[in-house]
Amino acid sequence: MAEEVIIPNIQRKRILEYLKEGKRFDGRALDEFRELGVEMNISENSEGSCSVKIGNTEVYAGVKMAIVTPYADGPAEGTLSVGMELGPMADDDFQSGPPSIDSIEIARVIDRGIRESKLIDFEKLCIVSGEKVWQVSVDLYAVNNDGNLFDAAGLAAVTALANAKIPVYDEKEGRAKHELSNVSVPIRKENMCFNVTVHKIGDAFVLDPTKEEEAISDFRLSMALGDNDGEPMISAMQKGNSGGITEDDMEKILKLVEDKFSEMFKKFSKIATGK
Amino acid sequence: MAKKIESAYKKRVDGRAFDELRPIKAKVGVIPSADGSAMYQSGKTRAIAVVRGPRTLHPKHMENPQRGVLRVTYQMMAFSVWDRIKPGTSRRSQEIGKVSEWALGEIVDLDAFPNSVVDVIIQIPQADAGTRVAGINAAVMALAQAGVPMKEMISAIAVGKMDKTLVVDVNKEEEDFEEGEGPTDVPIAITSKSNEIALLQLDGKMSIPELKELIKMAKVACKKINDIQTKALKEPGKEITG
Amino acid sequence: MEERKIVVPGETIIQGEEFLPGDGTRREDKDVVANRYGLAEVSDKLVRVIPLSGVYTPRRGNVIIGKIVNMNYRGWVVDFGTHNNGFLNVAEYPRFINKGELKEYLTFGDVICAKVFSADDTSVDLSVKLRGFGRLNGGQLITINPNKVPRVIGKEGSMVHLIKAATGCEITVGQNGIIWVKSSKVEDELNAKKIINFISENSFVSGLTEKVEEYIKKDLKLEIKDIPKPEPFVEPEFREERNFRDDRGFRGGFRGDRQ
């Protein structure tokens, strides 16, 4: 796990004072994301992969599929597993070794968002009921950390999934060929959802914090947001850090999400689907 | 080669000459949060290397009061190959990390940083054989850019033999060539100025004359790679192709 | 002097026995060879490689900026971005402090400007006894690569002066690459930050001063005010240290602006 980093007191003070005025060091509005960028197909050996950038924050995502025995409670449904790595490639303060609690948390929140929004049509991932189903693995790697890895990872995961193809199934052999079919991973486009995290920093509610801002965040609230006729639909939530959410805080966060939703959703969809 | 040898491997699968390298891309400065980082791509094999440090070494018992410690971690991303790799360290990745560490340790001078560590992190997002040599090529550029004192550079290449044919820059399809004597894979790293072998491994079957010839071929290939690494370092931020 | 060019480790910079290998170089037969990545410079037969990157090596007499990350009964542990933290002994504070009262004077996260009074491979001792050192109040920090510090300072502190004239900020440059800027308006500080980052990114282009002036006027649309250059202050203790220093001489000027 990353060690606790001591933020210089004067730096903390200045950021807070400026946020109080509604301003940020990089000139953005409090509810403004940095520029989003995407590069598709970073690994030809994957079923679908991409690199997503939010400002200088970069995350790689790759989808791999394998044939597994289904779970007893869903004999005709495919399965999903999401993994995230926060290693020293991305940040001086990240350590090598087994997954840290921070990376496990991100993976689990993203997993829940994808699962609960019903983004993937798991029934279409059944090959032989009770015997063979496709397991979808999404592996995420933090490449560079400049804050908000949470949302970058969520966007990268959905983008990789939305562009992934299923391998050819060899019926005779009963296993997957080393070859992709033309069939896409069954995604319900109408259930597309993205992770958006609101941070409370001092008295301000901030979207897409930089690393410096994130380090002094009191709490964060991550939400997997889908589109319900132009209105946000929340599929997963996670509050992080110890700061408590007051009634007033909650109102403000939800208002912020309502106000910014269509704009954000449009931008994120463009990354994920190219449209 | 002196005498004509009949070999089952007559033409390379991708149409290259036997001593021809795959297309190379190299770029220095790919990770903004690090002082030293680089990408090296050979054909479809791509490596990213990042340098962190010199910095405090954890765990403490690994500290060396005489000089800094070089620590190399090598990892293939889960989706870099067709059969998904379980994240985390494997015996293979640990061994490759160690041999890369020995190779790079030959050129870096960490006398000025006792009790500290220079971490080199190598990640492979896409693999098509030769990942350890691509990793070393990227790592050398990253170390140089990070300002780590170094005697010289290192360039690395996987040379090999398909049945009886000697080849440079083996790709995955060749690694799987099964006719005749099958494939032999020889990753080699050569230092740029002293022309020494910094890494050498071999898997397969090889006669001594063949090995001698292969080392010669590797040295020629490494010169070319070194030119590209040098160019990339002289123009950080620009993708150099060759 | 010829144009400086980037060299890579192991590259021959120049041939000839008359040339002397300086910092970052070595001799191999007739060649002077680079021992690190950086800009090769040949002047008066002396060859050296000016680093473009790399960690800061504390030297006696340097001015650094760091933050308090720990403390014990003897003093404070200061992180200033190197592999070894510095130590500020309670005796190097300008007044007497009782045991157990350290926190009242400097506490976790406080930022100080300090002088390195002794440094070797394993420990760095700091002092804030002199006038102008100690806790920095207000303002903000900018971090650049320590190798770019000389360019941000400029000749005789000219670049720092230019930034002050354009932004009205108070500026202290730490040799470790941490720079403190302060103004009554945060925008001034952010402009100073932009200029400093511009200098850092363009640190080895020729005619840097003109380019910075152009950047200030055209890109940032700021006026460069005519402010008086401060008298260079040279403290007696600094002078004494000339003999201890292995880099090129002391230039006076602003605190922290030593090349």
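For the structure given in this document, a descriptive report is provided here. Numbering of residues starts from 1 in each chain and follows the order in which that chain's sequence is written. Just so you know, chain letters begin at A and ligand numbers begin at 1, following the order they were written in. It should be noted that, the model being predicted, local features are given only for residues of pLDDT at least 70 and side-chain atom pairs only at 80 or more, the latter also being counted only at that level, while totals for whole chains, interfaces and linings use all residues. Side-chain metrics in this entry use all non-hydrogen atoms of the structure; hydrogen atoms and water are not considered.

Moving on: the overall build of chain A. Helix numbering and strand numbering both begin at the N terminus, where a helix is a DSSP run of H or I of at least 4 residues and a strand a DSSP run of E of at least 2. The number of helices and strands found in chain A is five helices and twelve strands. Here the globule rule reads 2.2 Å times residues to the power 0.38, and the radius of gyration is calculated from C-alpha atoms. A globule of 275 residues ought to have a C-alpha radius of gyration of about 19 Å, and chain A, at 19 Å, matches this closely. Summarising its shape, the C-alpha atoms of chain A cover approximately 70 × 40 × 35 Å along the three principal directions. Sequence separation of 24 or more characterises 68% of the internal contacts of chain A that already satisfy a separation of 6 or more. Each accessible area is a Shrake-Rupley result for a 1.4 Å probe, and residues are judged covered by the shown protein chains and nothing else. Carbon and sulfur atoms make up 47% of the accessible area of chain A, which totals about 12,200 Å². All tallies of charge rest on Lys and Arg as positive and Asp and Glu as negative; His and the ends of each chain are not included. In plain terms, the charge of a residue is placed at NZ if it is Lys, CZ if Arg, CG if Asp and CD if Glu. On chain A, the mean spot of the 33 positive side-chain charges and the mean spot of the 49 negative ones are 2 Å from each other. Any pair of residues with heavy atoms lying within 4.5 Å of one another is described as a contacting pair.

As a further point, take the interface of chain C and chain B. The interface of chain C with chain B comprises 22 residues on the first partner and 26 residues on the second. We define buried area as the total accessible area lost by two parts upon association, computed with a 1.4 Å probe and summed across both. Summed over both partners, the interface of chain C with chain B buries about 1,800 Å², with 54% contributed by carbon and sulfur atoms. When residues of chain C are sorted by the area they lose upon contact with chain B, C:Pro9, C:Tyr37 and C:His83 head the list and together hold 34% of the total. Every case where a carboxyl oxygen of Asp or Glu lies within 4 Å of a side-chain nitrogen of Lys or Arg is listed as a salt bridge. On the surface where chain C and chain B come into contact, there are two salt bridges. Between B:Lys193 and C:Asp31 there is a salt bridge, and its shortest N-O distance comes to 3.9 Å. Nitrogen and oxygen atoms within 3.5 Å of one another constitute a polar contact, given that in protein one can donate a hydrogen and the other can accept it, and given that sequence-neighbouring residues count only through two side-chain atoms. Between chain C and chain B we count eleven residue pairs in polar contact (both at pLDDT 80 or more) in total. Of all elements in the fold, only strand 1 (5-7), strand 4 (25-28) and strand 5 (31-34) of chain C reach the threshold of two or more residues within the side of chain C that touches chain B. If you tally residues by element for the side of chain C that touches chain B, the top one is strand 5 of chain C, at three residues. In this count, Pro and Cys sit with the nonpolar residues alongside Ala, Val, Leu, Ile, Met, Phe, Trp and Tyr, while Asp, Glu, Lys and Arg are called charged and the others, Gly among them, polar. For the side of chain C that touches chain B, a count of residues per class yields eight nonpolar, eight polar and six charged.

Moving on, we come to the sheet that holds strand 14 (residues 140-143) of chain C. In this analysis, strands are considered paired if DSSP registers two or more bridges between them. Taken together, three strands build an open sheet; the order of strands is 14-16-15 (chain C) and the sheet is antiparallel. Strand pairing shows two members of the sheet lacking a second neighbour, strand 14 and strand 15 (170-173) of chain C, which therefore form its edges. Going across the sheet, the axis of each strand differs from the next one's by a mean of 20 degrees, ignoring polarity. Where helices are involved, their axes are fitted lines through C-alpha atoms of the stretch in contact, as for all axes, and angles between N-to-C directions lie from 0 to 180°. This element, helix 1 (residues 9-20) of chain A, spans strand 14 and strand 16 (178-182) of chain C of the sheet and lies at about 110 degrees to strand 14 of chain C. Strands in contact with helix 4 (residues 186-201) of chain C are strand 14 and strand 16 of chain C; relative to strand 14 of chain C, the strand with the most contacts, it is inclined by about 10 degrees.

Turning our attention to a negative patch on the surface. The grouping of A:Asp227, A:Asp229, A:Glu231 and A:Glu258 at the surface amounts to a negative patch. Tracing the backbone shows A:Glu258 in helix 5 (residues 247-273). For patches, a residue must show more than 30% relative accessible area and have no salt bridge; joins then use 9 Å for like charges and 5 Å for nonpolar side chains, namely Val, Leu, Ile, Met, Phe, Trp and Tyr.

Residues and elements named next belong to chain C. Three exposure classes are used, based on accessible area relative to the maximum for each residue type with a 1.4 Å probe and protein chains only: buried under 20%, partly exposed in between, and exposed over 50%. Burial runs high along strand 16: four of the five residues are buried. For strand 14 and strand 16, the ladder comprises four bridges, and the chain directions are antiparallel. Bridged to Ile 142 within strand 16 is Ile 179. Note: strand 15 against strand 16, four bridges, orientation antiparallel. Bridging from a neighbouring strand, Glu 170 pairs with Lys 182 of strand 16.

Cis geometry is adopted by the peptide bond preceding B:Pro54, which originates at B:Gly53 and carries an omega value of 5 degrees. By the secondary structure assignment, B:Pro54 is in strand 3 (residues 45-56). A cis geometry characterises the amide bond from B:His58 onward to B:Pro59, with omega recorded as -5 degrees. As for its position among the elements, B:Pro59 is in the loop between strand 3 and strand 4 (69-76). At A:Asn241, a position not held by glycine, the phi torsion is positive, near 75 degrees.

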